[in-house]
Amino acid sequence: MKKLILLFALIFITSCSKDDTNHEDVFTNDTYMYFDPPNWLLGTWTNTQGDKITFTANNVIFNEYGNPANSANEEIAYYEKNFGNPNIQETAYANYYSLKYNYNIDYRMKFTIIQISDRKIDVEGFFTGTFTKL
């Protein structure tokens, strides 16, 4: 009986392995994809206060005037690593885009965007107001 218990213990110990996933790569790797903004939104947008939002094919980079830029992919990866499912909700229509995700335990990031023209958008959520494409 002792041999059987030792055998199961040995199998259990050797079958457990370390998670080799390098989550740090997510923070700097723009190819990591959580969402897909529509083509009409791609580019850098700014408002009269100097706030900027840049939409790439797979990321949203934003900063309030005078503050360092934030990456949505980075925030989502951080949340996922530390708290679990970031509950990403993305909606895109012809002239409408919405992105929501858990940013930390107490806060949900939100961008709601309506296209006014090829060069202007109305934004609500983290930023509010009219943005012009650079």
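About the criteria used
Within any chain, residue numbers begin from 1 and follow the written order of that chain's sequence. Side-chain atom pairs in this predicted model are given and counted only at pLDDT of 80 or more, local residue features only at pLDDT of at least 70, and totals for whole chains, interfaces and linings cover all residues. Excluded from the side-chain calculation are hydrogens and water; included are all heavy atoms of the structure. Think of it this way: any DSSP run of H or I at least four residues long counts as a helix, any run of E at least two long counts as a strand, and we number them from the N terminus. What makes two residues a contact is simply this: any of their non-hydrogen atoms within 4.5 Å. The Shrake-Rupley method, run with a 1.4 Å probe, gives the accessible areas here. Residue values count only the displayed protein chains as cover. The rule is short: rings of Phe, Tyr and Trp, with Trp giving its six-membered ring, pair when the centres are within 6.5 Å, and they are stacked under 30 degrees, edge-to-face over 60, tilted in between. Burial classes: relative accessible area under 20% of the type maximum marks a residue as buried, over 50% as exposed, and values in between as partly exposed (1.4 Å probe, protein chains only). Residues enter patches when their relative accessible area tops 30% and they take part in no salt bridge; the joining distance is 9 Å for like charges and 5 Å for the nonpolar side chains Val, Leu, Ile, Met, Phe, Trp and Tyr. Here, a salt bridge means any side-chain nitrogen of Lys or Arg that lies within 4 Å of a carboxyl oxygen of Asp or Glu. Between any two strands, pairing holds if DSSP finds at least two bridges. Axis geometry follows a simple rule: fit a line to the C-alpha atoms, using only the stretch in contact for helices, then measure angles between N-to-C directions, giving values from 0 to 180 degrees.

Chemist: How should I be thinking about the overall build of the protein in this particular structure?
Modeler: On a plain count of helices and strands, the protein comes out with three helices and nine strands. Secondary structure of the protein in N-to-C order comes out as α-α-β-β-β-β-α-β-β-β-β-β. A sequence separation of at least 24 residues applies to 40% of the contacts in the protein between residues at least 6 apart. For the protein, the accessible area works out to roughly 8700 Å², and carbon and sulfur atoms hold 54% of it.

Chemist: Could you clarify how one ought to interpret the packing of aromatic side chains in this entry?
Modeler: Scanning the entire structure with this criterion turns up ten aromatic pairs. With 5.2 Å between their ring centres and 65° between their planes, phenylalanine 62 and phenylalanine 111 make a pair best called edge-to-face. Taken together, the residues phenylalanine 62 in strand β3 (residues 60-63) and phenylalanine 111 in strand β7 (residues 107-117) connect sequence positions 49 residues apart. Judged by relative accessible area, phenylalanine 62 falls into the buried class, the value being 0%. Here phenylalanine 111 falls in the buried class, since its relative accessible area comes to 0%. In this structure an aromatic cluster arises from ring pairing among Phe62, Phe111, Phe126, Phe127 and Phe131.

Chemist: When you look at a nonpolar patch on the surface in this model, what are you seeing that I'm missing?
Modeler: A grouping of Tyr78, Phe83 and Ile105 is seen on the molecular surface, where their side chains present a nonpolar patch of about 310 Å² in accessible area. Assignment of secondary structure puts isoleucine 105 in the loop between β6 (96-104) and β7.

Chemist: How should the sheet that holds β3 be read in this particular structure?
Modeler: Two strands in a sheet stick together by hydrogen bonds in their backbones, pointing the same way (parallel) or opposite ways (antiparallel). Spatial strand order, β4-β3-β2-β1-β9-β8-β7-β6-β5: nine strands in an open sheet with antiparallel pairing. In this open sheet, the two edge strands, each paired with only one partner strand, are β4 (70-71) and β5 (89-92). Of the pairings in the sheet, the one linking strand β8 (residues 120-125) to strand β9 (residues 129-133) comprises four bridges and is antiparallel in character. Looking at β9, one finds that aspartate 122 is bridged to threonine 130. Each of β3, β4, β6 and β7 touches helix α3 (residues 72-82); the most contacted strand, β6, lies at about 40° to it.

Purely geometric stuff here, so don't read any function into it on its own.
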